[in-house]
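# Breakdown of the fold
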Amino acid sequence: MRIGVFDSGAGGLSVVKSLLEHQLFDEIIYYGDTARVPYGTKDKNTIIRYSLEALEFFNNFDIDLLITACNTVSAYALNEMREASHYDVIGVIEPGIRAVENKIDDKDARLLITGTRATIASQRYQKELKDIGYTNITALQTGLFVPIVEESIFDGSLLDEAMQHYFKDISAPNAVILGCTHFPLISDSIKRYFDDKPIMIHSGEAIVEYLQERYSLTSTNKPSNLKIYASDNVDGLRSIASNWLSE
Ligand code: DGL
C-alpha cells in the first residue's frame, strides 16, 4: 500500500514516526505545506482552501489512502477533502477520540485537550467527547508550543515557562489529549509537569490502532519507503525529519 500523509508543515512527522515504527505501509509520501504553515492561526475558509490545494500535490502519486496528520485540517477540512478525492481520507481526531474511549473508562475523568487556536475553536474534540458521555473537559489553546517544538526544544526552561503560562490554573488532569502534531514531541515534559500522572493521548499511536482495526492492517515486516516533499524549503524539512525521526 502506498499512502499520503499531509500536514501544514513538519509536525505531521510525529505521526509518520508511529507509522514507520509499525511498518504498516510499503511507501509513505509526506507533503508539508511549509510555505504556508501555520494553519492553526488561520480561518476556516483558508484552512479548507489550503487543504484542497494540497490534494493537487497528491494527484502526482497513485496513493491508496490519505492521512491528514494535522489536527487543524482534521478539524475543518476533512469532509471537503473526502468529497474531492477518490481514496479514503482519514484525520486524527476520530482516532484520538477512540483512543480516549479505549483508555479512560471513567466518564467524569478530568480531560485536558491541547491544540492550536483553530482546533480548539472548532470545538471538534470537545463536542465529540461530550457526545460519548465525558463530563469534565477543559480545552486550551496552546499555540506557543508549536514554534518551540519547531526549534527542536523538547524540554528546558523556555518550555517550562510556556507550560506554566498555560497550565498554571489547571487542576491536574487524568488525561491530556495532544491535539496538535507537534505536541507528542513534548509529551514527556507535559506529563512531568503534571507529576507524571496523566495518560497522554498521542495522535500517531491512536491512528495506528485505528488503521489496524479499520483496515485489518498488519506489519509488512520491512521498513516503509518514506519520501518527503514540501511547498517550501524541502531540505529544511528533510533535516527536521532526520532529527525528529531518530529521537
Ligand atoms: N499541524 C498543526 C496541527 O496539528 C500545527 C501547526 C500549524 O498550526 O499548522 O494542528
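Residues numbered from 1 in each chain as written. Predicted model: local features only at pLDDT ≥ 70, side-chain atom pairs only at ≥ 80, totals over all residues. Heavy atoms only, no water.

### Notes on the packing of helix 1 (residues 13–22) against helix 11 (residues 203–215)
At a minimum axis distance of 7 Å, the contact between helix 1 and helix 11 shows a crossing angle of 45°. Judged by the angle between their axes, helix 1 and helix 11 are oblique. For the crossing formed where helix 1 meets helix 11, the hand is right-handed. Residue-level contacts link Val 15, Ser 18, Leu 19 and His 22 of helix 1 to Ser 203, Gly 204, Glu 205, Ile 207, Val 208, Leu 211 and Gln 212 of helix 11. Among the residues making up the contact of helix 1 with helix 11, the classes are represented as five nonpolar, five polar and one charged. (Axes fitted to C-alpha atoms, helices over the stretch in contact; angles between N-to-C directions. Helix = DSSP H or I, 4+ residues; strand = E, 2+ residues; numbered from the N terminus. Parallel < 35°, antiparallel > 145°, perpendicular 65-115°, else oblique. Left-handed = near helix turned anticlockwise from the far one by under 90°. Contact = heavy atoms within 4.5 Å. Nonpolar A, V, L, I, M, F, W, Y, C, P; charged D, E, K, R; others polar.)

### What about the sheet that holds strand 2 (residues 27–32)?
Pairing between the strands of a sheet comes from backbone hydrogen bonds, and it takes one of two forms, parallel or antiparallel. Pairing in this open sheet of five strands is parallel, and the strands run 4-3-1-2-9 from one edge to the other. Of all strands in the sheet, those with a lone pairing partner are strand 4 (88–90) and strand 9 (225–230), marking the two edges. Neighbour-to-neighbour, the strand axes of this sheet turn through a mean angle of 20°, independent of strand direction. Pairing of strand 1 (residues 2–7) with strand 3 (residues 65–68), which is carried by four bridges, proceeds in the parallel orientation. Bridging across to strand 3, Ile 3 finds its partner in Leu 65. (Pairing = 2+ DSSP bridges.)

### Some thoughts on empty space enclosed by the protein
Taken as a whole, this structure holds two cavities of 30 Å³ or more when the rule is applied. For the largest cavity, the full set of lining residues is Pro 95, Arg 98, Ala 99, Asn 102, Ala 206, Glu 209, Tyr 210 and Glu 213. Where the lining of the largest cavity is concerned, the elements lending two or more residues are helix 5 (93–103) and helix 11. Put simply, the second largest cavity is a space of about 30 Å³. Taken together, Val 92, Gly 96, Tyr 125, Ile 177, Leu 178, Gly 179, Ile 201, His 202 and Ser 203 form the lining of the second largest cavity. Within the residue set of the lining of the second largest cavity, elements represented by two or more residues are strand 7 (175–179) and strand 8 (199–202). (1 Å grid on protein atoms, 1.4 Å probe; cavity = no way out; pocket = protein on both sides within 12 Å on 5 of 7 lines; lining within 4 Å. Points joined across faces, edges and corners; volume = space filled by probe spheres on them.)

### Description of the packing of aromatic side chains
Applying the stated criterion across every chain yields a total of 15 aromatic pairs. On the numbers, 5.0 Å between centres and 45° between planes, the contact of Phe 167 with Phe 194 is tilted. In this pair, Phe 167 sits in helix 9 (residues 157–167) while Phe 194 sits in the loop between helix 10 (187–193) and strand 8, placing the two residues 27 residues apart along the sequence. With respect to burial, Phe 167 and Phe 194 carry one shared label: buried. Ring pairs connect the aromatic residues Phe 6, Tyr 31, Tyr 39, Tyr 50, Phe 57, Phe 58, Phe 61 and Tyr 229, which therefore count as one cluster. Across the ring face of Tyr 50, the terminal group of Arg 36 is positioned such that the distance to the ring centre comes to 3.7 Å. When the ring centre of Tyr 134 is taken as origin, the NZ or CZ atom of Lys 107, which lies over that ring, is 4.5 Å away. (Phe/Tyr/Trp six-rings, centres within 6.5 Å; stacked < 30°, edge-to-face > 60°. Buried < 20%, exposed > 50% of the residue type's maximum accessible area, 1.4 Å probe, protein only. Lys NZ or Arg CZ within 6 Å of the ring centre and 35° of its normal.)

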